[in-house]
Amino acid sequence: MQELGLIGLRIQRMPAESGLEFGIPSQYSYMTVCAPSCHNCSTMRAWWEEDQERRVRYFKTFVGTDSVPPDECTPEVARFILRQHVEAPSMWSIFPLQDLLALKEEYMTRPAVEETINDPSNPKHYWRYRVHVTLESLLKDKEHITTIKNLVQASGRSCPPLDDDESQPDKSSTHLDTLQKTAETRKGETQFDNPVNV
């Protein structure tokens, strides 16, 4: 695909590389689009909650601990997984709305299995998902918007300022400066906050 200039989709739990159980976002090539889920598979939250054995292996691989991971995809788990994707060298990182809603407990009231858009193995399960939160309430949720914006800005990817955001980034700042600031900020984070670049 690269020879043809086509980009490939990378879903972490369905790696394109043989011999891996999980893709490693930090090692994706630029000519990829990475995402924690897509319309034809379960959402990030549903995947996390549906397979305990795989969840434990994921946790051990990427968090680097034998500790038992939480059964539910908490906002902290969601942030950890999303951060790996937004920091990937892929040309694009895309996120289904359901995966972004998992960043806030208030939006996790619906059972995760109901958030799947399409199940290709079931001809009667097709494109019936409807968002349970209004667009108006999401647009008013500055806390949630800021959480997403902070993930993007910390990665060094482009992020437009909010209309009422006074903390606009310094235009003279380079990508390297951003990465260095991010690294300094992360020195005090817990082990769970630092994805292992396997």
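Above this text is the structure in question.
Overview of the structure.

Here is what the cut-offs are and how they apply
- Residues numbered from 1 in each chain as written.
- Predicted model: local features only at pLDDT ≥ 70, side-chain atom pairs only at ≥ 80, totals over all residues.
- Heavy atoms only, no water.
- Axes fitted to C-alpha atoms, helices over the stretch in contact; angles between N-to-C directions.
- Helix = DSSP H or I, 4+ residues; strand = E, 2+ residues; numbered from the N terminus.
- Parallel < 35°, antiparallel > 145°, perpendicular 65-115°, else oblique.
- Left-handed = near helix turned anticlockwise from the far one by under 90°.
- Contact = heavy atoms within 4.5 Å.
- Nonpolar A, V, L, I, M, F, W, Y, C, P; charged D, E, K, R; others polar.
- Salt bridge = Lys/Arg side-chain N within 4 Å of Asp/Glu carboxyl O.
- Buried < 20%, exposed > 50% of the residue type's maximum accessible area, 1.4 Å probe, protein only.
- Patch = residues over 30% accessible without salt bridge, like charges linked within 9 Å, V, L, I, M, F, W, Y side chains within 5 Å.
- Areas by Shrake-Rupley, 256 points an atom, 1.4 Å probe, with all protein chains shown as cover.
- Phe/Tyr/Trp six-rings, centres within 6.5 Å; stacked < 30°, edge-to-face > 60°.
- Core = buried A, V, L, I, M, F, W, Y, C linked by side-chain atoms within 4.5 Å.
- Pairing = 2+ DSSP bridges.
- Disulfide = S-S within 2.5 Å.

1. Remarks on the packing of helix α2 (residues 52-63) against helix α3 (residues 75-86)
(1) Moving on: Look at α2 against α3: their axes get within 13 Å of each other, and the N-to-C directions meet at 55 degrees. Considered as vectors, α2 and α3 are oriented oblique to each other. For the element pair α2 and α3, the recorded crossing hand is left-handed. When α2 is examined against α3, the residues Y58, F62 and V63 are found in contact with a partner set consisting of F80, I81 and Q84.
(2) Moving on: For the contact of α2 with α3, the class distribution of residues is five nonpolar, one polar and no charged.

2. Overview of the pattern of salt bridges
(1) Moving on: Scanning the model with the defined rule gives 10 salt bridges in all.
(2) Moving on: Its salt-bridge partner being R55, residue D71 comes within 3.3 Å of it at the nearest N-O pair. Taken together, the residues D71 in the loop between α2 and α3 and R55 in helix α2 connect sequence positions 16 residues apart.
(3) Moving on: D71 sits in the exposed class, given a relative accessible area of 53%.

3. What about the environment of M108?
(1) Moving on: Mapped onto the secondary structure, M108 falls in the loop between α4 (97-101) and α5 (135-140).
(2) Moving on: Distance from M108 to T74, taken between C-alpha atoms, is 8.9 Å for residues 34 residues apart in sequence.
(3) Moving on: Leaving out residues up to four positions away in the same chain, M108 has contacts with R45, C73, T74, P75, L101 and A102.

4. Describing a nonpolar patch on the surface
(1) Moving on: A surface patch of nonpolar side chains, about 320 Å² in accessible area, is lined by L9, W92 and I94.
(2) Moving on: Structurally, I94 can be placed in the loop between β3 (92-93) and α4.
(3) Moving on: Exposure remark for I94: the relative accessible area of 41% places this residue in the partly exposed category.

5. Quick look at the packing of aromatic side chains
For any pair of aromatic rings, geometry is given as the distance between the ring centres together with the angle between the planes.
(1) Moving on: If you walk through the whole model with that rule in mind, you get eight aromatic pairs.
(2) Moving on: For the pair F22 and Y58, a centre-to-centre distance of 5.3 Å together with 85 degrees between the ring planes defines the contact as edge-to-face. Placement of F22 in the loop between β1 (8-11) and β2 (32-35) and of Y58 in helix α2 is noted, with a sequence separation of 36 residues between them.
(3) Moving on: On the basis of relative accessible area, Y58 is assigned to the buried category, the value being 2%.
(4) Moving on: With 6.0 Å between their ring centres and 85 degrees between their planes, W48 and Y58 make a pair best called edge-to-face. Taken as a pair, W48 in helix α1 (residues 44-50) and Y58 in helix α2 lie far apart in primary sequence, 10 residues in all.

6. So, the nonpolar core
(1) Moving on: Within the largest apolar cluster, 20 residues are counted, with the highest numbers of intra-cluster contacts made by M44, W48, Y58 and I81.
(2) Moving on: For this core, the elements supplying multiple residues, two or more each, are α1, α2 and α3.
(3) Moving on: Here this core gets five residues from one element, more than from any other, and that element is α3.
(4) Moving on: When neighbours within four sequence positions are excluded, M44 is seen to be in contact with R13, P36, S37, C73, A78, I81, L82, D99 and A102.
(5) Moving on: Judged by nonpolar contacts, the second largest core, of six residues, contains L101, I117, Y129 and V133.

7. Overview of the pairing of β2
(1) Moving on: Along β2, one buried face is formed by T32 and C34 and the opposite face, lined by V33 and A35, is buried too.
(2) Moving on: Bridging between β1 and β2 involves four bridges; their strand directions are parallel. Residue L9 lies in a different strand from β2, and its bridge partner there is V33.
(3) Moving on: With two bridges joining them, β2 and β3 adopt parallel strand pairing. From the neighbouring strand, V33 faces β3, where its bridge partner is W92.

8. Comments concerning the state of the cysteines
What makes a disulfide is a covalent bond joining the sulfur atoms belonging to two cysteines.
(1) Moving on: Summed over the entire model, instances satisfying the criterion amount to zero disulfides.
(2) Moving on: There is no disulfide at C41, and the cysteine sulfur nearest it, in C38, is 3.9 Å away.

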